[in-house]
Every structure is written in structure tokens, then in C-alpha cells.
Amino acid sequence: MEFSIAPLKTLSSLHTDCLVVFLQSSEQAAAALDEQAIDAIAAQAREDGDFSGQAGSTYLANRPQGLAARRLLLVGLGAGPTDAQCWRKAAEAACAALKGRAAARVHLVCADAQQPLIDAAVRAFGDFAYVYTATRKPDAEVGCRVRSLHILVAARQAAAARSRLQRAEAVQAGVDLCRDLANLPGNHCTPTHLGKVAQALGKRHKLKVEVLGPADIERERMGALRAVAQGSQQPARFIVLRYQGAARTQPPHVLVGKGVTFDSGGISLKPGAEMDEMKFDMAGAASVLGAFEAVARLRPKINLVGLIPATENLPGGTAVKPGDVVTSRSGQTIEILNTDAEGRLILCDALNYAERFKPASVVDIATLTGACVIALGHVHSGLFSPDDELAQALVDAAKASQDSCWRMPLGDEYAEGLRSRFADVANIAGRAAGSVTAACFLQRFTKAYRWAHLDIAGTAWKSGANKGATGRPVPLLVHYLLAQQPAAGARGRGGE
Ligand code: BES
Ligand code: MN
Ligand code: ZN
């Protein structure tokens with residue numbers, strides 16, 4: 001979809017397939033636009049009880065009287081303050097109202113055009129327009145027929161709006177890439193394929209990309225990653241991406257993404273129902289690649305490293321078995337009591353590898369535990385960090401980007417369950433607080449730097465009729481990274 005900022009002039013003479021007007025629920029709001037025709041239609045719709053102005057309410061008028069536009073869509077903002085969440089809801093309601101309609105060119109306007117509208121509109125219409133086409137033809141009847149979206153703003157706001165739009169479009173490009181990759185079936189999206197996608201991304205944006213294979217993984221003594229990979233015919237990969245936007249001497253931020261391209265559970269085999277969804281078990285890796293796509297477009301003044309351990313988790317004659325003890329890259333031995341707790345195994349070697357960069361921060365992103373879905377559902381990603389400042393920075397980024405996360409605890413009391421009689425640590429604890437004990441396992445490998453962990457098991461994809469990847473938490477990650485720029489003369493910073 002094409003997005004642009006357009007100057008706000010007389011609305012009545014604007015030729016468009018649909019003029020979308022955001023209105024607060026108060027009576028005077030329509031009048032604030034100073035457009036009598038819109039005012040009259042809004043007043044009448046209110047009087048007839050067809051439009052309340054409440055957050056997310058809509059009213060569509062065809063061939064609206066007194067306007068050159070073919071359609072007028074009123075969208076309610078409610079009575080409260082118009083925060084990011086309110087804009088998000090309103091923009092999504094606008095998309096829902098346009099579903100199946102033949103409106104190709106759409107213009108958005110709000111009397112008090114606020115910048116968060118731009119983020120909300122790009123996200124909502126971008127998600128609305130997304131279609132998966134890698135392994136199927138699109139449906140005959142298309143939901144989204146919008147081709148271009150124009151956001152009308154007053155001339156004095158145009159420059160700020162354009163830079164905001166540029167940021168929002170870059171985030172959306174990252175979200176789209178993340179969704180495409182995560183949606184790709186396991187037989188297409190192998191560790192080898194992830195490596196190729198990373199290399200192509202590197203070529204496109206002039207990033208340094210290294211893809212390590214099984215021999216390199218052996219040489220790096222990544223025994224935990226090797227253990228997960230050894231049951232599969234597909235060779236493992238360890239992907240390293242580097243973006244340089246600041247002086248070479250600046251410590252980089254590091255993103256680590258779980259890249260299990262299919263998680264059968266291994267010898268501790270998962271039950272059959274919905275096992276197909278374990279193709280999404282590389283969504284953390286996909287979000288790292290998506291974040292790189294956005295960062296490479298926006299070129300913020302930071303250094304960034306992406307690490308992706310990629311493998312399948314399958315049973316077989318050569319697969320790792322419950323009770324096996326392996327040596328991780330850190331030297332700590334791990335008793336693998338359940339081969340289905342494989343994410344933490346591949347991550348612990350990547351987290352240890354991250355030490356070499358002397359990073360400013362390390363954030364890992366993983367579809368790590370079913371327990372996180374039980375704890376937080378599909379609303380918030382789970383955030384774990386012993387560092388209050390880093391946790392707050394991620395919570396702030398989540399709020400600003402409408403890609404929410406919720407802080408969860410860590411602590412020795414939880415870590416106790418990971419004790420093993422035969423190794424330095426076991427890879428599972430009891431059933432209780434499973435997402436926390438998984439994070440505690442990771443924490444053992446992160447002592448050398450500031451670290452946070454995002455468990456995206458509940459937020460990376462949707463199940464059911466609308467099954468598919470969400471692109472989360474790309475918006476959160478990009479907002480976090482942009483906020484890490486030095487304040488003076490920073491580029492691409494929108495601020496909230
Ligand atoms: N990839 C899964 C986590 C998962 C499960 C994400 C369901 C989303 C939906 C992970 O590798 C896993 O299998 N975790 C186990 C850990 C357990 C064996 C301690 C789990 O959550 O059951
Ligand atoms: Mn698993
Ligand atoms: Zn997994």
C-alpha cells in the first residue's frame with residue numbers, strides 16, 4: 001500500500017474514493033473541521049442514532065451530499081484523551097468498515113491531527129492489506145481494496161508528519177517481513193532458508209551478515225545448539241547480522257531471536273493437535289530480521305548486532321534424549337530432562353556468544369513457553385529482566401508502539417527448580433511458573449551484560465480461522481532501538 005502526507009485544504013472539493021473523518025463523541029467535534037457538509041451528515045447520523053462517536057464506532061455514507069468524495073466514513077474517537085491506543089482502535093475500525101468496499105484511494109483527516117494517528121493508520125491499513133502469497137493464490141474476493149492512503153495534515157505539521165510517516169512505514173516493512181517469514185511452512189523455511197533471507201537482507205541494505213554452519217557451530221563449542229540440531233536432517237545455522245550507524249567504538253545493542261523452524265518436541269514429542277503451529281517457533285528470529293529491515297531503512301545512530309540460532313527440533317535415531325547431559329558454549333553442563341524445552345538450549349549458546357560484543361544491551365525474543373500463554377494470553381508479550389532501567393525502556397517502547405508487554409518476575413526462588421543431580425543445571429523445572437523458570441535458565445548465561453527476555457509465545461501468531469503471524473514484537477523492538485540513539489541531533493526520532 002502506498003502512504004502519503006497531503007496538505008489539508010477544502011474538504012468539500014476533495015475527490016477521493018473515501019474520506020475518513022475521525023470525530024470525538026462531543027457534539028462540537030464535527031464543527032471543529034469547519035466543513036458544513038460533514039457537519040450536517042455527522043449531526044444527522046447522531047440524531048438518527050446511527051453514529052455515537054464512541055471509540056471504534058463508524059458510519060459510512062455513500063455519495064455524501066455536498067462533498068466531492070464518493071464516500072464519507074465517520075469514525076468515533078470517544079470522549080477521552082486521544083492516546084495511541086484510541087487512535088489504534090479508531091484506525092482498525094476504519095479498516096473494518098472499508099472491508100470489501102471498492103475504495104482504492106482513501107484520505108484520512110482529523111481536526112486535531114495528532115502524530116500517533118500516523119503510526120496507527122500505517123499499522124492498521126498495513127495489516128489490513130497484508131496477504132500471504134508465498135505458497136497459495138490470494139482469495140478471489142479481497143478484503144482490502146485500498147491501494148493508497150493519504151493523511152491530510154495542516155501545512156505547518158507536514159514536515160513532522162512526513163518523518164513520522166517514514167518511521168511508521170519502515171516499521172511496517174519490518175512487520176511485513178516478519179509475518180511473511182513466520183508464516184512460511186517449515187519445509188520451506190528451514191535454517192538454511194533463514195540464512196539466505198539474512199544474506200539477502202544484508203545485500204539489500206549493505207549490512208555485514210555471517211552464516212555459520214554445523215562445522216562452525218562445532219568449532220564455537222555450541223554444544224547446546226548442536227544437541228537440539230542433531231536429530232534433524234536439516235543442517236543448523238547460526239546467523240550474525242551487523243548494522244553500524246554509530247562510531248565503531250560504540251558498544252552495540254544485540255537482539256537474539258529463537259529460530260526453531262519446526263518444533264516437534266523431539267523425543268519428548270508434542271501431542272498432534274495444532275502441532276502445525278510449531279512452524280511459528282522461529283518467530284523470534286523473524287522479528288529480529290524484521291527489526292533489521294526497519295533499522296536499515298531508518299539508519300539510526302546506533303550499532304546493532306542480530307544473532308539467530310536456527311535449527312529444527314525433531315525426533316530420530318540421532319536425536320538428543322531425556323537424561324543426556326551436554327556442554328554449553330559457556331562451559332556449564334546441562335541435563336536435558338525434556339527435549340521439548342529446546343528454545344532455551346539454543347538461546348543459551350547465542351547469549352554466551354553475545355558476550356564477545358561487549359554489548360550495551362541484549363534483548364532475546366523467543367516463542368519460549370506455553371506457560372507464558374497461560375499467564376498473559378495473547379495480549380501482552382512477557383518481559384523478563386533483572387535490570388529495571390532496561391525493563392522500563394522496553395515497557396515505554398511497547399506503549400509508544402502499541403505492541404504491549406508485561407513485566408514478569410525473576411528470582412532465585414524460581415531458579416531452584418532447575419537443579420540437577422547430574423549437571424550444572426537442568427533444562428526444565430516443575431510445572432509451576434514455567435515461563436519464569438525458563439527465563440531463569442536463560443539468566444544464568446547473561447551475567448556479563450544488561451539483558452532482557454521477551455517471551456512472545458502468545459503474541460507472535462494467531463490461531464483459528466485467521467491463523468497467521470502478527471509481526472510482533474517488531475514495532476516494540478524498533479521503537480526501543482530508535483530511543484537508544486544519543487539525544488542531540490538524533491534522526492528518525494518521533495517522540496511521543
Ligand atoms: N515452542 C515451545 C513453546 C510454545 C508452546 C509456544 C506452545 C507457543 C505455543 C517450546 O519450545 C516448548 O515446547 N516449551 C515447553 C517447555 C516445557 C517442556 C518445560 C512448553 O511450553 O510446554
Ligand atoms: Mn519445544
Ligand atoms: Zn520451541
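The structure displayed is predicted, hence computed values, not measured ones. (Residues numbered from 1 in each chain as written. Chains lettered and ligands numbered in written order. Predicted model: local features only at pLDDT ≥ 70, side-chain atom pairs only at ≥ 80, totals over all residues. Heavy atoms only, no water.)

Regarding the packing of helix α3 (residues 84–98) against helix α4 (residues 116–129)
Helices that pack against each other are described as a pair by the angle of their axes relative to one another and the distance between those axes.
Inference 1: Running from amino to carboxyl end, α3 crosses α4 at an angle of 35°, the nearest separation of the two axes being 8 Å. In the packing of α3 onto α4, the handedness of the crossing is right-handed. Residues Ala84, Trp87, Arg88, Ala91, Glu92, Ala94, Cys95 and Leu98 of α3 form the contact with α4, whose own contacting residues are Pro116, Leu117, Ala120, Ala121, Arg123, Ala124, Phe125 and Phe128.
Inference 2: Looking at side-chain class alone, the contact of α3 with α4 contains 13 nonpolar, no polar and three charged residues. (Axes fitted to C-alpha atoms, helices over the stretch in contact; angles between N-to-C directions. Helix = DSSP H or I, 4+ residues; strand = E, 2+ residues; numbered from the N terminus. Left-handed = near helix turned anticlockwise from the far one by under 90°. Contact = heavy atoms within 4.5 Å. Nonpolar A, V, L, I, M, F, W, Y, C, P; charged D, E, K, R; others polar.)

Focus: the packing of aromatic side chains
Inference 1: The full count for this structure, using the stated rule, is six aromatic pairs.
Inference 2: Summarising the aromatic geometry, the rings of phenylalanine 125 and phenylalanine 128 are spaced 6.3 Å apart at their centres and angled 75° between planes, so their arrangement reads as edge-to-face. Of this pair, phenylalanine 125 and phenylalanine 128 both sit in helix α4, three residues apart, which is roughly one turn of the helix.
Inference 3: Under the relative-accessibility criterion, phenylalanine 125 is labelled buried at 0%. (Phe/Tyr/Trp six-rings, centres within 6.5 Å; stacked < 30°, edge-to-face > 60°. Buried < 20%, exposed > 50% of the residue type's maximum accessible area, 1.4 Å probe, protein only.)

A word on the sheet that holds strand β12 (residues 324–327)
Inference 1: Here three strands make up an open sheet; going across it, the order is β12-β13-β17 and the pairing mixed. Each edge of the sheet is formed by a strand with only one pairing partner; in this case those strands are β12 and β17 (425–426).
Inference 2: When β12 meets strand β13 (residues 333–336), the two strands line up antiparallel, connected through four bridges. Along β13, the bridge assignment pairs valine 326 with isoleucine 334. (Pairing = 2+ DSSP bridges.)

Things to note about the sheet that holds strand β2 (residues 18–23)
Inference 1: Across the sheet, which stays open at both edges, the six strands sit in the order β1-β6-β5-β2-β4-β3 with mixed pairing between neighbours. Every other strand in the sheet has two partners, leaving β1 (2–7) and β3 (58–62) as the edge strands with one partner each. The mean angle between the axes of side-by-side strands here comes to 20°, regardless of whether they run parallel or antiparallel.
Inference 2: In the sheet, β1 pairs with strand β6 (residues 148–153) via six bridges, with the strands oriented parallel. In the strand pairing of β6, serine 4 is matched with histidine 150.
Inference 3: Set on the sheet, helix α5 (residues 158–183) makes contact with β1 and β6; between it and β1 the angle comes to about 170°.

Here we look at the site of ligand 1
Inference 1: The full set close to ligand 1 counts 16 residues, and Lys270, Asp281, Asp340, Glu342 and Gly370 are the nearest of them.
Inference 2: Glycine 370 has a polar backbone atom sitting 2.7 Å from an oxygen atom of ligand 1.
Inference 3: Here ligand 1 has 520 Å² of accessible area as a free molecule, and 76% of this is covered by the chains.
Inference 4: For the shell around ligand 1, the per-class residue count stands at five nonpolar, four polar and seven charged. (Near = heavy atom within 4 Å. Polar contact = N/O pair within 3.5 Å; in protein donor to acceptor, adjacent residues only side chain to side chain. Areas by Shrake-Rupley, 256 points an atom, 1.4 Å probe, with all protein chains shown as cover.)

Here we look at helix α15 (residues 474–482)
Inference 1: Within α15, nine of the nine residues are buried, which leaves the element mostly enclosed by the surrounding structure.
Inference 2: Within α15, the full set of buried residues consists of Val474, Pro475, Leu476, Leu477, Val478, His479, Tyr480, Leu481 and Leu482.

None of this, on its own, says anything about what the molecule does.
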